[in-house]
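# Fold and geometry: a report
One-letter residues, chain by chain:
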Amino acid sequence: MITIQTVKEEDLKDVLALEQLVFNAGSYPAFVIRQLFDISNNLFIVAKENNKILGFAVGALNTNNKKAWILSLGVHPEARSKQIRKQLTNKLVNLLKEENCLEICLTVHPDNAPAIKIYKELSFKGETILENYFLENEKRIIMTLKNS
């Protein structure tokens, strides 16, 4: 059975390994994973099965404008058929809505059709491709979900 829960400090090495596996050269370094843990509170979640981390998601909320971001979401390649990406996104969206955010944003590579499909199923909108989002000619689509 897959459970979604708040990340614990002892999970961070496994999250980092999964981040590196999923995102390769584009992965966050260890110090960023640690700092996200320190500042994200309950918005850093993991999916576990038999005590093994199969996925994670990290969100952030700007309390000044009530705009939230899903900063990272990764699922182990061998677990992608288990709907974990959708479960993590849905849980993070619900946590952010509980914080009374007005809008939830995320970025996704335009070639990542499975992720785009899931985000659209969860009512995220956005089609415009930004050619240089990460300042290194890295294409991204910004998708948003309005909290009504």
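Structural data are supplied above this passage.
Anyway, here's the lowdown on the structure attached to this text. Computed from a predicted structure; not experimentally measured.

## Here's the deal with the nonpolar core
Counting 29 residues, the largest nonpolar core has L88, L92, I104, V108, Y119, F124 and M143 as the members making the most contacts within it. Taken together, the elements giving at least two residues each to this core come down to β2 (44-49), β3 (52-62), β4 (67-75), α3 (84-98), β5 (103-108), α4 (113-121) and β7 (140-146). Excluding anything up to four places from it in sequence, L88 contacts I4, I45, V46, A47, G55, F56, A57, L73, G74 and V75. One finds V15, I33, I53 and V58 within the second-largest nonpolar core, a separate group that totals 15 residues.

## Observations regarding the packing of helix α1 (residues 12-23) against helix α2 (residues 30-40)
At a minimum axis separation of 10 Å, α1 and α2 run at an interaxial angle of 130°. As far as their axial angle goes, α2 and α1 are oblique. The element α1 and its partner α2 pack so that their crossing is right-handed. Within the contact between the two elements, α1 uses L12, V15, L16 and E19 and α2 uses A30, I33, R34 and F37. Here the contact of α1 with α2 is composed, by residue class, of six nonpolar, no polar and two charged.

What counts as what
Residues numbered from 1 in each chain as written. Predicted model: local features only at pLDDT ≥ 70, side-chain atom pairs only at ≥ 80, totals over all residues. Heavy atoms only, no water. Core = buried A, V, L, I, M, F, W, Y, C linked by side-chain atoms within 4.5 Å. Buried < 20%, exposed > 50% of the residue type's maximum accessible area, 1.4 Å probe, protein only. Helix = DSSP H or I, 4+ residues; strand = E, 2+ residues; numbered from the N terminus. Contact = heavy atoms within 4.5 Å. Axes fitted to C-alpha atoms, helices over the stretch in contact; angles between N-to-C directions. Parallel < 35°, antiparallel > 145°, perpendicular 65-115°, else oblique. Left-handed = near helix turned anticlockwise from the far one by under 90°. Nonpolar A, V, L, I, M, F, W, Y, C, P; charged D, E, K, R; others polar.

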